[in-house]
Amino acid sequence: MDFLFPDSMSLFLFLLLIITAGFTSFVSAAFGAGGGLMLLVVMASFMPMAVVVPVHGLVQLGSNANRLLLSFKHIDKSMFVYFALGGLVGTGLSSFVINDISLDAMKLVVAIFVIYLLWGKTPPVKLTSKLWRMVAGGITTFISMFVGASGPLVGSCLYINNYEKLKFTATFSSIMSVQHLLKAVIYGAVGFSFWQWMPLVIAMVISGAVGTWFGIKLLKRMAGDKFKRIFRVVLTLLTLQLGWQGIKILLH
C-alpha cells in the first residue's frame, strides 16, 4: 500500500484529504464557491506550499470539471471565452516569474481586492465588455499560479454580474477548470512530478464528484436570494482567512 502514499504520507492524512475533497466540493457546488480555498487551507496545514499549489490545482480541475458537466447548459459563453483568452495571457506572463514571486504577499493583495468587490462600490467599468472580461481573466489566472486558490477572486468578479445561481455555478466552474488546467501545464513544464501524487489526486477527484452531485441537488432547491446571501458571507469569511495568512507572514 506504500505506493499510494507519496513522501511517507500517513493513512490518516490520505483519508482526511479524500474526505475533505468531498466536503469542499459540496460547498462549492451548493454555495457557488469557497470549497477550493477551504481545501487549500487544510492541505497547507500538512504539506509544503511547493507541493500544495500544483496538487491542489489538479484536484480542483477534476472537481470543477465535474461541476461543469452537471451545469453545462447554464454557462455564460461570452464570459467564459474572454476570461479564457485573458487566462492564456496571464499564464504566459506567470511562466517568466513563477520561481521568483512571493506567494504569501499575493494573498493579502487578493483578499483586499475581493472584499472591495463584494462590499464596496461596484467598479465604474462596463462589466459586460470584452476588455473587462479579458483583463479579469488574465489577472486571476496569473494570481492563481501563486496563491493556489483563485476562486474568491474569480467569484467576486462574477458576483458583480448578478447572475442567477445555476448560471453563476456553471460559469464559475468553466473558468476555474481552464485556470487549473493551465496551472497543471505550467507546473508540469517547470518540472513538478505529478505522477507520485496521482493515487491521492484520483481518490480526491472521485470524492469531489460525489460531493458535487449532492451540492448541485441542494443548489437547485435553494432560493436565489438565499444563495447570494450565503455565497457573499462564505466568501467573505474565507477571504478574511486568506488575508490573515498574508498579514502573519508580513509581520514575521
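Here is a short report on the structure shown in this document. As the structure is a prediction and not an experimental result, all values here were calculated from the model.

Side note on the environment of S63
Here S63 is to be found in helix α3 (residues 49-71). Ignoring sequence-local partners within four residues, the contact set of S63 consists of S25 and T212.

Details of the packing of aromatic side chains
The description of two aromatic rings rests on the distance between their centres and on the angle between their planes. Within this structure, the stated rule accounts for 2 aromatic pairs. For the ring pair F168 and F172, a centre distance of 5.9 Å and an interplane angle of 10° mean the geometry is stacked. With a gap of 4 residues between them, F168 and F172 both fall in helix α8 (residues 165-189), about one helical turn apart. A single burial state applies to F168 and to F172, both of which are buried. Where W213 meets F214, the ring centres are 5.0 Å apart and the plane angle is 85°; that geometry is what we call edge-to-face. Judged by its relative accessible area of 44%, W213 falls in the partly exposed class.

Regarding the environment of M176
Considering the arrangement of structural elements, one finds M176 in helix α8. Here M176 falls in the buried class, since its relative accessible area comes to 3%. Taking the C-alpha atoms as reference, M176 lies 8.0 Å from V154; in sequence the two are 22 residues apart. Leave out the neighbours within four places in its chain, and M176 touches N64, S150, G151 and V154.

Regarding α8
Compared with an ideal rise of 1.5 Å per residue, which puts 25 residues at 36 Å, α8 spans 36 Å between its outermost C-alpha atoms and is within 8% of the ideal. Burial analysis of α8 places 19 of its 25 residues in the buried class, which makes it a mostly covered element. At the N-terminal boundary of α8, the capping side chain belongs to E164, with an oxygen 3.1 Å from the backbone nitrogen of L166. Immediately downstream of α8, the backbone of G191 shows phi near 110°, a positive value.

Analysis parameters
Residues numbered from 1 in each chain as written. Predicted model: local features only at pLDDT ≥ 70, side-chain atom pairs only at ≥ 80, totals over all residues. Heavy atoms only, no water. Helix = DSSP H or I, 4+ residues; strand = E, 2+ residues; numbered from the N terminus. Contact = heavy atoms within 4.5 Å. Phe/Tyr/Trp six-rings, centres within 6.5 Å; stacked < 30°, edge-to-face > 60°. Buried < 20%, exposed > 50% of the residue type's maximum accessible area, 1.4 Å probe, protein only. Expected span 1.5 Å × (residues − 1). Polar contact = N/O pair within 3.5 Å; in protein donor to acceptor, adjacent residues only side chain to side chain.

Function cannot be read off these values alone, since they describe shape.
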